[in-house]
Amino acid sequence: MDFLPVVLPTDGLIFLLLVTVMVFAVYVRGKEHLRAPWREVKRSRMAAAALVVLLTYALIGLLDSLHFRLPLADNGAAKMEAGTETEYSTEVLSLLDVMAAPLRARVEKTYSAPFSAYLFARETEQRADGTEVRVFPRLKYGGRHLQDPENERAADILVASARAVAISLLIWLGVCAALAGLLARRERVSFSTMLRRILRGETETPWRVVLLTFFIILVVAVWAAVLSLKYHILGTDKVGQDVFYQALKSIRTGLVIGTLTTLVMLPFAVLLGIMAGYFRGVADDIIQYVYTTLSSIPGVLLIAAAILSLQVYITNHPEQFDTLAERADLRLLFLCVILGITSWTGLCRLLRGETLKLREMEYIQAAQAFGVGHSKIIRRHILPNVMHIVLISVVLDFSGLVLAEAVLSYVGVGVDPSTHSWGNMINGARLEMARDPMVWWSLCAAFVFMFTLVLAANLFSDVVRDAFDPRLRKQ
Amino acid sequence: MMAYIARRILYAIPILIGVNLLTFALFFVVNKPDDMARVHLGVKHVTPQAIEKWKTERGYDKPLVFNSSADGAAQFTDTIFFRKSVSLFVFDFGRSDDGRDIGLDIRERMWPSLAIALPVLLIGLLTNITFALLMAFFRATYIDVWGVVLCVVLMSISGLFYIIGGQYLISKLLHIVPVSGYDTGLQAFKFILLPVVIGVVSGIGAGSRWYRTIFLEEIGKDYVRTARAKGLSELRVLFYHVLKNAMIPILTGVVVVLPLLFMGSLIMESFFGIPGLGSYTIDAINAQDFAVVRAMVFLGSVLYIIGLMLTDISYTLVDPRVRLG
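Residues numbered from 1 in each chain as written. Chains lettered and ligands numbered in written order. Predicted model: local features only at pLDDT ≥ 70, side-chain atom pairs only at ≥ 80, totals over all residues. Heavy atoms only, no water.

## Structural notes on the environment of isoleucine 5 of chain B
Residue and element names in this part refer to chain B.
- Locating isoleucine 5 in the fold gives a position in helix H1 (residues 2–29).
- In this structure isoleucine 5 comes out as partly exposed when scored by relative accessible area, which is 22%.
- Separated by 156 residues in sequence, isoleucine 5 and phenylalanine 161 have C-alpha atoms that sit 42 Å apart.
- With residues near it in sequence (within four places) discarded, isoleucine 5 still touches Met309 and Ile313. (Helix = DSSP H or I, 4+ residues; strand = E, 2+ residues; numbered from the N terminus. Buried < 20%, exposed > 50% of the residue type's maximum accessible area, 1.4 Å probe, protein only. Contact = heavy atoms within 4.5 Å.)

Below, the structure written as structure tokens:
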């Protein structure tokens, strides 16, 4: 199929981040002292389970980061608007959109509860004999295949669920066998021995935990995929959009905020922190002044001020942005930058302190005595010795940033209202709190998705910190 | 001591100037007052006269930093920079974009903020220390392990969930206290109760875990071993020796936020309809009232710097080894 690839700024940065992580991984492989703490992480059961969850999220996020524009002919003539000269639609889609096309397209009229076949609000309907009744109308898509939803629905859901579990069990058994076979060949033992070791949890890497977590995720994923074709498994929102689809789309926003913010601020924090500690004197004074000033402004207010300014700029310069997606993406990127500005000061201060300590060490004094240049000393001797601080703070920051996004969107200075994000979902659903019975599904979906990600990140970062922090390692 | 405080105040001045310049740049250089006027009056169908009128009413019609049409000192004083930014140094916040006196608003609204924030801090501190001590006492047992896991789980829940869930459970289902609102005097109690409880609960996860780490670090030290060797009971070691020494890092974290309590909590106040400075700021952000946001940024920085100063002073009070000179 013909399509026009689109690389939004955040997409570009995500791929840059991916490349960086890969390069880092290759670099670590060659260094025994760097591999040791990672091996400890690998051995941890908690980290293994958390990592499987995180990778699932990352996969969805990546699928959602491959953007393109489809040719207009495919999208139908309805999309052909005046002024579009190109043959491509102005709508920017991602691979995830295409995969979840049924979810995206099946828009109801307004709210409907999870698995419901009826709308949440009553409507007046005319009967054949001319009388009018107030009824809950049937949904256009959710539960359409049922003749008599009240009686058939439970059985239908049960059958579909059973089928989903059966399918995922088959896939899972296949994956288990493949993994055991692979490991058996690598370790040169028989297939059954390997299988027994995995089942008993005797392998060095906790494969049993990995497989169990994978099984749970697989069941949930297959179940959701099967049932979301028949029902709105998490209901629909005010304009009738599927909440499950929204929650999936929000994953990318959460991940972008959690990772790109760090990527954006890292160069400044590392460079300035090390420079302040290494050169001391005037450089130290200036850098300290800059970060004290920035950190003295309450974070939310600085973000609010910056985002308000950006909003004014966008409102007054609409001509600079071609598509809605581009504008929303710019705002997301800008939010990352601003969050980065407010959060680099802590890391910078830590690095300065550590560098101050390091520069008095004998090996650095020796390097200086030998006449090694400053940039080389920093690169070869200081940077590798502060990397653990950088890594720990990167991993620890992630979950806080994901949570911050929701709060900022609530305050009104978060991502663009057109961007799918958990914050926007909560914000939209909050207004319906007063409704009776309550519209709870948007809120719950956002909280559950967010909670899973943040919990996995927190558990993983704990293990990473324990493995890398030399202070903790001694105990 | 006095000399130290004086020096710290002098240090604070360049920082405040930096904050001031930064907000000035954000609000007046990146976006011209014309842009702000256009946002307020609606982008389309706005006449230049209307923009001029809006600017004149709010004093944004002056040049940014240098007024060439004035004489003498007025060349510098009759500008937006002097009127709007320099005046913040004497806590003259001016008027908000819809004409209210910001200084008066702040003085009025900081008390409700404090009424929520102070109990949250104090009760939260007490609960967190209690939980942390419990975990430290039962360290390396299942109670400790599961306590930490529980803390991580509590930490991973969004703050918004605590508020929405709490409101739903306590106010809507159980009808114990009103959902939102505020009152003066003793009547305020029933409105304050729920925000305080939610504030404390949402902080337990991160707080207890953090304090537990501090306690465990203290427990590993030599004086604790000495105390045990003397034959003191574990409880006495924990409460008498460890708690006392661990208070130093705990205090540092608490004292620095003390002045900021006046600013209130943005989300909590707007959810519960409390007329404090937090909801004031949120309203200003939503209404794009730049004058109020600017004032709050400056106020926040001042309070933070005061907090840092108080921290240093409190060090000398709790730790006799520290001498400020």
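## Brief notes about the packing of aromatic side chains
- A complete count under the given rule lists nine aromatic pairs over all chains for this structure.
- Seen in terms of ring centroids, tyrosine 278 of chain A and phenylalanine 279 of chain A are 5.1 Å apart; in terms of plane orientation they differ by 85°. Their pairing is edge-to-face.
- Judged by its relative accessible area of 2%, tyrosine 278 of chain A is buried.
- Taking the relative accessible area as the measure of exposure, phenylalanine 279 of chain A reaches 38% and is therefore partly exposed.
- When the ring centre of tyrosine 240 of chain B is taken as reference, the NZ or CZ atom of lysine 244 of chain B above it lies at 5.1 Å. (Phe/Tyr/Trp six-rings, centres within 6.5 Å; stacked < 30°, edge-to-face > 60°. Lys NZ or Arg CZ within 6 Å of the ring centre and 35° of its normal.)

## Focus: the interface of chain A and chain B
- With 45 residues of chain A in contact, the opposing surface of chain B contributes 45 residues.
- Summing the contributions of chain A and of chain B, the shared interface buries around 3900 Å²; its carbon and sulfur component is 74%.
- Looking only at chain A, the three residues that lose the most surface to chain B are Leu301, Leu308 and Tyr410 of chain A, adding up to 15% of its buried area.
- At the junction of chain A and chain B, the tally comes to one salt bridge. (Buried area = accessible area lost by both parts, 1.4 Å probe. Salt bridge = Lys/Arg side-chain N within 4 Å of Asp/Glu carboxyl O.)

## A few points about a nonpolar patch on the surface
- Taken together, Val282, Ile286, Tyr289 and Val290 of chain A together with Leu10, Ile13, Ile17, Leu21, Phe89 and Val90 of chain B make up a surface patch of nonpolar side chains, about 900 Å² in accessible area.
- Residue assignment for the nonpolar patch shows that the elements contributing at least two residues are helix H11 (281–296) of chain A together with H1 of chain B.
- Among the secondary structure elements, valine 90 of chain B is positioned in the loop between helix H5 (80–85) and helix H6 (102–137).
- Under the relative-accessibility criterion, valine 90 of chain B is labelled exposed at 64%. (Patch = residues over 30% accessible without salt bridge, like charges linked within 9 Å, V, L, I, M, F, W, Y side chains within 5 Å. Areas by Shrake-Rupley, 256 points an atom, 1.4 Å probe, with all protein chains shown as cover.)

## Description of the packing of helix H10 (residues 243–279) of chain A against H11 of chain A
All names here are of chain A.
- One way to put it is that H10 packs onto H11 with a least axis distance of 7 Å and a crossing angle of 140°. Between H10 and H11, the interaxial angle falls into the category oblique. When the axes of H10 and H11 are compared, the crossing they make is left-handed. Every residue of H11 that contacts H10 at Leu272, Met275, Ala276 and Phe279 is listed here: Gly281, Ala283, Asp284 and Ile287.
- Counted by class, the contact of H10 with H11 contains six nonpolar, one polar and one charged residues. (Axes fitted to C-alpha atoms, helices over the stretch in contact; angles between N-to-C directions. Parallel < 35°, antiparallel > 145°, perpendicular 65-115°, else oblique. Left-handed = near helix turned anticlockwise from the far one by under 90°. Nonpolar A, V, L, I, M, F, W, Y, C, P; charged D, E, K, R; others polar.)

## Regarding empty space enclosed by the protein
Residues and elements named next belong to chain B.
- Inspection of every chain in the model, using the stated rule, returns one cavity of 30 Å³ or more.
- Each pocket or cavity is described by its volume, and for the largest cavity that value is around 40 Å³.
- If you trace the largest cavity, you find it lined by Val177, Pro178, Val179, Ser180, Gly181, Lys190, Phe191, Leu194, Pro195 and Phe272.
- For the lining of the largest cavity, the leading source of residues is helix H9 (residues 189–219), giving four residues.
- Looking at side-chain class alone, the lining of the largest cavity contains seven nonpolar, two polar and one charged residues. (1 Å grid on protein atoms, 1.4 Å probe; cavity = no way out; pocket = protein on both sides within 12 Å on 5 of 7 lines; lining within 4 Å. Points joined across faces, edges and corners; volume = space filled by probe spheres on them.)

## Quick look at the domain arrangement of chain A
- Per the domain assignment, the segments of chain A are domain 1 (146–227) and domain 2 (248–474).
- One C-alpha centre belongs to domain 1 of chain A, the other to domain 2 of chain A, and the line joining them spans 36 Å. (Domains from an automatic or database assignment.)

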